[in-house]
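Here's the letter readout for the chains.
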Amino acid sequence: MDAQELLKRYAAGERDFSNVNLVHACLTNANLVGTHLNGAHLIEADLRGADLAAAHLSQAKLNQVSLADANMIEVCLMSAELIDVDLSGANLTDANLSGADLSGVKLGGANLNGANLSHADLSHADLRGADLSGANLKEAKLGGADLDGAYLENADLSGADIEAANMRRTGWVEANEPECTIG
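(A) View of the overall build of the protein. Within the protein, the regular secondary structure consists of one helix and zero strands. Since a compact globule built from 183 residues should have a radius of gyration of about 16 Å, the 16 Å found for the protein is in line with a globular shape. Principal-axis analysis of the C-alpha atoms places the extent of the protein at approximately 50 × 20 × 20 Å. Within the protein, buried positions represent 48% of all 183 residues.

What follows is the structure, encoded as structure tokens:
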């Protein structure tokens, strides 16, 4: 299946595209609200500005994908691979990214308000200026991450590893950070 066929089938009402292979697909500004892409391979796809609100991408492989400025409110990315993905400026409000591999991801200026990032690997992630207010970062790996200017009001960092993370100008208002590892 290619990107055009997926969009055509989506327009006809189909929503389940689990395990589809769309490597290098161009889906810029695509409307994929509520789509099921569990286990899909979208490596190096271009999804800039796409609307993936309430989409299901559990265990999907999205390595090196461009999702800059994408609308991903309430998206489910549990245990997904998002290595070196560009999510800068994306709206991930209330997204479920628990257990996801987000190492090296670009989340600068992204909205992660209320997102579940528990047990996620955010090693060396760019989170500069990201809104992580109310986010669940329990047991998250943030080693070497850049959180300069990130907003963490009411975030839960219990057991998080933030060794060697850049925490300059970070807003910690009422953040829960007991027992986290700080280097």
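Having put the structure on the table, let's press on.
(B) Focus on the pattern of salt bridges. Applying the stated rule across the entire model yields seven salt bridges. Between R48 and D46 there is a salt bridge whose closest N-O contact spans 2.5 Å. On the accessibility criterion, D46 (17% relative accessible area) is buried. Across the salt bridge formed by R128 and D146, the nearest N and O atoms sit 3.8 Å from each other. Here R128 is found in the segment after α1 (3-11), whereas its partner D146 is found in the segment after α1, with 18 residues between them in sequence. Among the residues examined, R128 registers a relative accessible area of 44% and is labelled partly exposed. Judged by relative accessible area, D146 falls into the partly exposed class, the value being 21%. Connected through shared salt-bridge partners, E5, R9 and E14 make up one network.

(C) Broad picture of the confidence of the model for the protein. Residue-level pLDDT values for the protein average 93, and 93% of them are 70 or greater. In the predicted structure, residues 178-183 sits below a pLDDT of 50 and forms 18 contacts with residues beyond four places in sequence or in another chain.

(D) Spatial organisation of the nonpolar core. Within the largest apolar cluster, 62 residues are counted, with the highest numbers of intra-cluster contacts made by L82, L87, L112, L117 and L127. Filtering out sequence-adjacent residues up to four positions away, L117 remains in contact with L97, L102, L112, L122, L132, N136, L137, K138 and A140.

(E) Seen up close, the packing of aromatic side chains. The full count for this structure, using the stated rule, is zero aromatic pairs. Residue placement shows R15 over the ring face of Y10; its charged tip is 3.6 Å from the ring centre.

(F) Just α1, in detail. Turning to α1, its buried residues are A3, L6 and Y10. Seen from one end, α1 has its buried residues packed into an arc of 60 degrees, which puts them on one side. When the buried face of α1 is taken as reference, the exposed residues oriented beyond 90 degrees from it are Q4, K8 and A11. Directly beyond the C-terminal end of α1, a positive phi value near 105 degrees is found at G13.

(G) Layout of the environment of L87. Of note, L87 is situated in the segment after α1. Separated by 75 residues in the primary sequence, L87 and I162 have C-alpha atoms spaced 21 Å apart. Here L87 is in contact with L67, A68, M72, L82, L92, V105, K106, L107 and A110, once residues within four sequence places are set aside.

What counts, and where the lines are drawn
- Residues numbered from 1 in each chain as written.
- Predicted model: local features only at pLDDT ≥ 70, side-chain atom pairs only at ≥ 80, totals over all residues.
- Heavy atoms only, no water.
- Helix = DSSP H or I, 4+ residues; strand = E, 2+ residues; numbered from the N terminus.
- Rg over C-alpha atoms; globule rule 2.2 N^0.38 Å.
- Buried < 20%, exposed > 50% of the residue type's maximum accessible area, 1.4 Å probe, protein only.
- Salt bridge = Lys/Arg side-chain N within 4 Å of Asp/Glu carboxyl O.
- pLDDT = per-residue confidence, 0-100.
- Contact = heavy atoms within 4.5 Å.
- Core = buried A, V, L, I, M, F, W, Y, C linked by side-chain atoms within 4.5 Å.
- Phe/Tyr/Trp six-rings, centres within 6.5 Å; stacked < 30°, edge-to-face > 60°.
- Lys NZ or Arg CZ within 6 Å of the ring centre and 35° of its normal.
- Arc of directions from axis to C-beta.

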